[in-house]
Structure formats: structure tokens, C-alpha cells
Amino acid sequence: MYKKILVTLDATPTDRAIVEHIKALAKIMHSHVVLLHVADGWAARMYGADAVSPEVTADKDYLEKLRSEFQSEGISAEAELAFGEPADEIVKWIQKKGCDLVAMSTHGHRFLGDLLLGTTAPNVQHKVKVPVLLLRAR
């Protein structure tokens, strides 16, 4: 059912919730997992894929660590780093490369928190035509 699962990550502790959930699902479904993080710091937004900064280096290391974690558990996985505004880049990725499921952790903010901290998950959810699994981090 879910041959290709896109897992969007924000490189915070909230990622663990969706990572653990998708590991179990991917094993059952024999899915290929794509781990996507969108670097959105000033260097990433200014220079895109040519950005060189401690943030971009840390993001690449983080993605590689998670990719290895999935693969060590027998789950086919790859990691990709995008650059720019997270919701827009996630939607672009889905439109270009396609997937059967998008999996995201949410922070569970309400109103003021959304205004201050963003609304990536709802923006993605309303702009794509594939199922979106939103898992609220604890």
C-alpha cells in the first residue's frame, strides 16, 4: 500500500515520534523511506544547495545518521536535504518525485504558537493529494 513514504523532519526531538512510528509501518509494508529535511537558515535560503554553514553540515550529518538507523533495521531508506521555506519545499518535492504517504510530526501548537512558530504541517496537508500522517509529538 505504501511503497514510498516521505518522512519530513525538522531536526528537533519531535522527529523521534514520527521516526519510530514509520519504522514499524515501513517494516510491515516493506516500504522505501525518504527522509527529507528542509534547511531554512539564512545561508540555506540565500544560497540554496550551494550553502555552506555549520547548520547545513549539521543537517546533513543528522540525515545520514537517521538513514543509517533505518537501514540498520532492514528498512530501505534515503535522505535528502532541501533548502528554503519548509512547507513550499516539501510540496515541491512531493509534486516532483511523488510518494504514497507523507509522514510528519507536529508540535501541537495552537493559534499563537502557530503564528509565532509556523504551520508547516497544515500548509502541506492542504496542498498535496496524497495521504498525510500527522503525529503529535509529546
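An account of the accompanying structure is given in this report. Because the structure is predicted, anything quoted here is derived from the model rather than measured.

The rules we used
- Note on numbering: residues in each chain are counted from 1, in written sequence order.
- With the structure being a predicted model, the display of local features is reserved for residues of pLDDT at least 70 and the display and counting of side-chain atom pairs for 80 or more, all residues being used for whole-chain, interface and lining totals.
- Note that the side-chain values use all heavy atoms of the structure and ignore hydrogens as well as water.
- The buried label goes to any residue with under 20% of its type's maximum accessible area, the exposed label to any with over 50%, and the partly exposed label to all in between, with areas taken from a 1.4 Å probe on protein chains only.
- Each helix is a run of H or I in the DSSP string that is no shorter than four residues. Each strand is a run of E no shorter than two, and both are numbered from the N terminus.
- Each pair of strands is called paired provided DSSP finds at least two bridges between the two strands.
- Crossovers are described as right-handed under a simple rule: with the strands pointing away from the observer, the path leading from the first strand over the helix to the second runs clockwise.

1. A short note on the pairing of strand β2 (residues 32–39)
Move 1: Most of β2 sits inside the fold, with seven of its eight residues counted as buried.
Move 2: Direction of pairing for strand β1 (residues 4–9) relative to β2: parallel, over a ladder of six bridges. Looking at the pairing, Leu-6 lines up with Val-34 of β2.
Move 3: Taken together, β1, helix α1 (residues 15–29) and β2 form a β-α-β motif whose crossover is right-handed.
Move 4: For β2 and strand β3 (residues 77–83), the ladder comprises seven bridges, and the chain directions are parallel. Among the inter-strand pairings, Ala-39 is bridged to a residue of β3, identified as Phe-83.

2. A few points about unusual backbone geometry
Move 1: Residues other than glycine seldom take positive phi values, yet Ala-11 does so here, at roughly 60 degrees.
Move 2: Mapped onto the secondary structure, Ala-11 falls in the loop between β1 and α1.
Move 3: Here Ala-11 falls in the partly exposed class, since its relative accessible area comes to 33%.
Move 4: For His-30, which is not glycine, the phi dihedral falls at a positive 55 degrees.
Move 5: Along the chain, His-30 falls in the loop between α1 and β2.

Fair warning: the whole summary comes from geometry, so function is off the table for now.
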